[in-house]
Amino acid sequence: MPEPFFSICIVTGRRTDLLEACLASLADQQDAPPFELLVAADRDATVAAQVFARFPEAKVAAVEPSFPGAARNVLIDAARGTWLLFLDDDVTFPRGLLRRFADLAALHPEALVLGGPNETPPRSSRFQVVQGAVLSSVVASGPVRRRYGPHPAGTADERWFILCNLAVRRDAMVPFASDLACAEENQMLNELSGRGYPMHYDPKLAVFHERRSTFGGFWRQMRKYGLGRGQLLRRDPSSLRLAFLLPSALLAYLVAAPLAVLATGSMVPAIPLLVYVAGVLAGAARVAVTLRRPSAMAWAMALIPTVHVAYGAGVVAGVVSHTRPRRVRSTPKARWVAMSAEHPRREP
């Protein structure tokens, strides 16, 4: 059997509605190169039925509980495609996504990593739309803003990519760290960068990524991102960049500034806070102008500091964690689910 061009790798949990929308987008691809689908889940019964209904030739693995990177390693080991395309179970995408990836791979044969942004899906709530605009703003996300909105195409590094929309040539791929709660793609991409592998970003390689529906969910997401980054910094100090520490520095300042004001009887220690507030106001105003919704400014004023404080707290937690991340990369036990009469194919 000839090798497929893409091995599409999806790790899913207990989000059957979102997975169904993702599979529908994949089934609706036009002019796509040959691909295989590999899915890993901790509960295989419902997932296998969903996947086989649309893709009877797919490979579905029931994986023991593990971090996502370890589950993805199961799929990597079984993949046969020239390119590994990693998608999250909560993304949808235009009909021409796979063709665009293939065309870009031909246009840039030197690139071993390809990717693009994840954008806010159509028909999202106002809160989700503002959330996406905040994440793609320089004030909120700094050098990683390209992950969340379209920016000019070009040579890239790990700051430009996110794992919900990332392609890596299989012959260049290295295993994900099995013990990171998040940011496993940054670990992997750092390793590829160290080997000098070229990477290319293009805004045309866009997917729609479900945003958090509540403020609490958004806080937890940002803290998890910071936690993964902190774990990675502890594992590999060479991955340190100043921008990754600024949110934690802000958090430390917010704790120390009131004490400094009380101790000195002067408002001088509060001057940086005023500068920060001005920056947040400017960033929130830019979001409102971009969305053409003046009412979006209030939400943006709340979400921008949330990104910084939650991420900063996560980085600190990841760095000082009592459990030192292991350097071994393991693949968890998995049971491959066979197509059967219990999983009939869905008629179009």
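Caption draft 1: Fine view of the packing of helix H9 (residues 242-264) against helix H11 (residues 296-320). The geometry of H9 relative to H11 is characterised by a closest axis approach of 8 Å and an angle of 100° between their N-to-C directions. The angle between H9 and H11 falls in the class roughly perpendicular. Note on element contacts: H11 touches H9 through His308, Val309, Tyr311, Gly312, Ala313, Val315 and Val316, opposite Phe244, Pro247, Ser248, Leu250, Leu251 and Leu254.

Caption draft 2: How the structure looks around empty space enclosed by the protein. Inspection of every chain in the model, using the stated rule, returns one cavity of 30 Å³ or more. What the largest cavity holds in volume is close to 50 Å³. Along its surface, the largest cavity is lined by Asn118, Gln131, Leu135, Tyr148, His209, Glu210, Arg211, Arg212, Gln221 and Tyr225. Looking at the lining of the largest cavity, the elements with two or more residues in it are helix H5 (126-135) and helix H8 (215-235). By residue class, the composition of the lining of the largest cavity is three nonpolar, four polar and three charged.

Caption draft 3: Representation of the sheet that holds strand S5 (residues 91-92) in the model. As summarised here, the arrangement of the three strands in space is S5-S11-S7, forming an open sheet in which the pairing is mixed. Strands at the two margins of the open sheet, each flanked by one partner only, are S5 and strand S7 (118-119). Here two bridges tie S7 to strand S11 (residues 207-209), and the two strands are oriented parallel to one another. Among the inter-strand pairings, Glu119 is bridged to a residue of S11, identified as Phe208.

Caption draft 4: Structural detail: the sheet that holds strand S1 (residues 6-12). The strand order across the open sheet formed by nine strands is S8-S10-S6-S9-S4-S1-S2-S3-S12, and the pairing between neighbours is mixed. Taken across any chain shown, the strands that pair with only one partner, and hence form the sheet edges, are strand S8 (154-155) and strand S12 (334-337). Helix-sheet contacts for helix H7 (residues 184-194) involve strand S6 (113-115), strand S9 (165-169) and strand S10 (199-201), and the interaxial angle to S9 is about 35°.

Caption draft 5: Molecular detail of H9. A bend of about 30° at Ala256 is the largest found in H9, and the proline Pro258 appears one to four places after it. Considered for burial, the residues of H9 that qualify are Phe244, Pro247, Ser248, Leu250, Tyr253, Ala257 and Val261. Contact partners of the buried residues in H9: H8, helix H10 (271-291) and H11. Gly265, located one to two residues past H9, shows a positive phi value of around 65°.

Caption draft 6: Just the environment of Leu246, in detail. Assignment of secondary structure puts Leu246 in helix H9. For Leu246, a relative accessible area of 47% puts it in the partly exposed group. Along the primary structure Leu246 and Ser136 are separated by 110 residues, whereas in three dimensions their C-alpha atoms are 17 Å apart.

Caption draft 7: Main features of the packing of aromatic side chains. According to the stated counting rule, one finds six aromatic pairs in the structure shown. Relative to Phe6, the ring of Phe5 lies with its centre 4.9 Å away and its plane at 85°, an arrangement referred to as edge-to-face. A ring pair is formed by Trp160 and Tyr201, whose centres lie 5.3 Å apart and whose planes are at 70°; its orientation type is edge-to-face. Here the residue Trp160 occupies a position in the loop between S8 and S9, and Tyr201 occupies one in strand S10, the gap between them amounting to 41 residues. We classify Tyr201 as buried; its relative accessible area is 0%. Cluster of aromatic residues (ring-pair linked, three or more members): Phe5, Phe6 and Phe101. The ring of Trp160 carries the charged tip of Arg146 above its face, separated from the ring centre by 3.9 Å. When the ring centre of Phe244 is taken as reference, the NZ or CZ atom of Arg229 above it lies at 3.7 Å.

Caption draft 8: Molecular detail of the nonpolar core. Formed by 61 residues in total, the largest nonpolar core has its most connected members in Ile8, Leu37, Leu114 and Val134. For this core, the element with the highest residue contribution is H11, accounting for eight residues. Excluding anything up to four places from it in sequence, Val134 contacts Ala140, Ser141, Val287, Ala300, Leu303, Ile304 and Val307. Listed in part, the 28 residues of the second largest apolar core include Ala79, Val113, Val174 and Leu189.

What counts and how
Residues numbered from 1 in each chain as written. Predicted model: local features only at pLDDT ≥ 70, side-chain atom pairs only at ≥ 80, totals over all residues. Heavy atoms only, no water. Axes fitted to C-alpha atoms, helices over the stretch in contact; angles between N-to-C directions. Helix = DSSP H or I, 4+ residues; strand = E, 2+ residues; numbered from the N terminus. Parallel < 35°, antiparallel > 145°, perpendicular 65-115°, else oblique. Contact = heavy atoms within 4.5 Å. 1 Å grid on protein atoms, 1.4 Å probe; cavity = no way out; pocket = protein on both sides within 12 Å on 5 of 7 lines; lining within 4 Å. Points joined across faces, edges and corners; volume = space filled by probe spheres on them. Nonpolar A, V, L, I, M, F, W, Y, C, P; charged D, E, K, R; others polar. Pairing = 2+ DSSP bridges. Bend = angle between axes of the 7 residues up to and from the residue. Buried < 20%, exposed > 50% of the residue type's maximum accessible area, 1.4 Å probe, protein only. Phe/Tyr/Trp six-rings, centres within 6.5 Å; stacked < 30°, edge-to-face > 60°. Lys NZ or Arg CZ within 6 Å of the ring centre and 35° of its normal. Core = buried A, V, L, I, M, F, W, Y, C linked by side-chain atoms within 4.5 Å.

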